[in-house]
Amino acid sequence: MLELKERSHKRVFALIRAQGKVSGAMLAKQIDMQPSSLVYILRHLKEKGLIEVSGFGSSTEKGGKRPVLWQVNPEYGNILGLEVMRHSIRAVLVNLAGDILLKVEKEFSPGRTEKTISRIQSTISEILNEPVATSRKLLYISLAVPGIVDPSTHRIIYSFGLKLEDFDLKSHITERFNVPVGVVNDANAGALGEQWFNKGDSFTNNILYIMYNPLAGGMGLGVVLNQRLYTGSNGIAGEIFSRVPSLETIIREKLNEIPPKDILIPVRENIAEIQIGELYNYSRKKCPLSNAVLAALSKQVAKEISKITGLFDPERITLGGDLSICENLCCDEITHALEELLARHYPFRIQIPVIDYARTKIFSAATGATAMYLSDELTL
């Protein structure tokens, strides 16, 4: 653990991590702190091994000494984040500075509770045995799961996808690996990741992160308000969407509208195996079925986004998980559909939120899960 008890120490460390490399003078301006106080904090963080000198900046136009630049010490330790889904586990290993060291996706199929726990534990073991993971101590393991998670105890209240109800997954992982563990809703993890892995001179104040489960037809919303994850009193904040059609349902519907001879994507007997990534690849080859399915999905997503636009009036909405595979294709489709919906619902001109995709794409929830450690440790 970082063991930073002072609010000012947490703030300085968080700003250094957000900016990558920064001088003491720049930090002093951002947090309105006396230079002597800042020097003391920087010295304390350096003694704890949390930060280090990265080099020297440029002199001012008037000349003088070049400023010392500080950065987070990447050797301090690693954080492991996993997104546990119905069909696979996506995992990301990052160092404390936020550098992604490893990304991996492994097949996974939940079954009985014992099997689910065993498979998650074995996946973690495999990753921790990788050479890149053995060179530093492990600081934290965080799991992003579909469903409702108690924000204070990290206990899974209900997860349809993992077939778990009122279950303490955290204790099983902690006991096996003897490190601090956190469990978070997958959409909430994605929202955290957008905040903590957004390199810049400050944090984004308000973030709405949306993900779509192609197997179940469910959508999830993660909300960061005033730089803090908002989960509500029972952990159900963001569960406001209607159930949209599953990807399989949309594909079957569009199959009846398009002549078989025009379809380029292989339509297997088990249509449920077709995923968004495959549809996107064939859409780039001008496959009419793929284009029709993604357009229909985009309209469904836009319909749900119109609800949260009226609720939150956001400037930016991030698409994560499998939706991010499609990049600008889905973003453009959703924006166009959203413009039509909002024009119909509001008699006055309303600013359309920017629709963008998560920076770490399909690994956004797993990456965001690692941010739980920072969010818990550096709550200001």
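Note that this is a predicted model, so its numbers are computed, not measured.

**Notes on the packing of aromatic side chains**
Point 1. Counted according to the given criterion, the structure contains 1 aromatic pair.
Point 2. Ring geometry for Y140 and Y373: centres 5.3 Å apart, planes at 45°, overall tilted. Note that Y140 is positioned in strand 7 (residues 138-145) and Y373 in helix 12 (residues 364-377), a separation of 233 residues in sequence. An identical accessibility class is assigned to Y140 and Y373; each is buried.
Point 3. Stacked on the ring of Y76, the Lys or Arg K137 has its end atom at 4.6 Å from the ring centre.

**Digging into the pattern of salt bridges**
Point 1. As enumerated under the stated definition, the model contains 13 salt bridges in all.
Point 2. One network of salt bridges, in which partners are shared, links E194, R316, D356 and R359.

**Structural notes on the sheet that holds strand 15 (residues 316-319)**
Point 1. Strand order in this open sheet of 5 strands is 14-13-12-15-16, and the pairing throughout is mixed. Each edge of the open sheet is held by one strand with a lone partner, namely strand 14 (228-230) and strand 16 (354-357). The average angle at which neighbouring strand axes cross in this sheet is 30°, direction not considered.
Point 2. Here strand 12 (residues 207-213) runs beside strand 13 (residues 218-225); their pairing, made up of 7 bridges, is antiparallel. The residue of strand 13 that forms the bridge with I207 is V224.
Point 3. Seen against the sheet, helix 11 (residues 328-345) touches strand 15 and strand 16 and runs at an angle of roughly 160° to strand 16.

**Details of the environment of V132**
Point 1. Inspection of the secondary structure assignment puts V132 in helix 5 (residues 131-134).
Point 2. Residue V132 is classed as partly exposed on the basis of its relative accessible area of 28%.
Point 3. Note: C-alpha distance between V132 and N78 (54 residues apart in sequence) is 9.8 Å.
Point 4. Filtering out sequence-adjacent residues up to four positions away, V132 remains in contact with N78, L93, L101 and L102.

**Considerations on the side chain of D186**
Point 1. As for its position among the elements, D186 is in helix 7 (residues 186-196).
Point 2. Despite being buried, D186 has no salt bridge partner; R90 is the closest side chain of opposite charge, sitting 9.1 Å away.
Point 3. Once you skip the residues sitting within four places of it in the chain, D186 turns out to touch E83, A144, V145, P146, Y209, M211 and A365.

**Looking at the sheet that holds strand 8 (residues 148-149)**
Point 1. One open sheet holds the 3 strands; their spatial order is 8-9-10, and the pairing between them is antiparallel. The open sheet has two free edges, formed respectively by strand 8 and strand 10 (164-167), since each of these has just one partner strand.
Point 2. In terms of strand pairing, strand 9 (residues 156-159) meets strand 10 through 3 bridges, oriented antiparallel. If you follow I156 over to strand 10, its bridge partner there is F167.

What counts, and where the lines are drawn
- Residues numbered from 1 in each chain as written.
- Predicted model: local features only at pLDDT ≥ 70, side-chain atom pairs only at ≥ 80, totals over all residues.
- Heavy atoms only, no water.
- Phe/Tyr/Trp six-rings, centres within 6.5 Å; stacked < 30°, edge-to-face > 60°.
- Helix = DSSP H or I, 4+ residues; strand = E, 2+ residues; numbered from the N terminus.
- Buried < 20%, exposed > 50% of the residue type's maximum accessible area, 1.4 Å probe, protein only.
- Lys NZ or Arg CZ within 6 Å of the ring centre and 35° of its normal.
- Salt bridge = Lys/Arg side-chain N within 4 Å of Asp/Glu carboxyl O.
- Pairing = 2+ DSSP bridges.
- Axes fitted to C-alpha atoms, helices over the stretch in contact; angles between N-to-C directions.
- Contact = heavy atoms within 4.5 Å.
- Lys, Arg positive; Asp, Glu negative; His and termini not counted.

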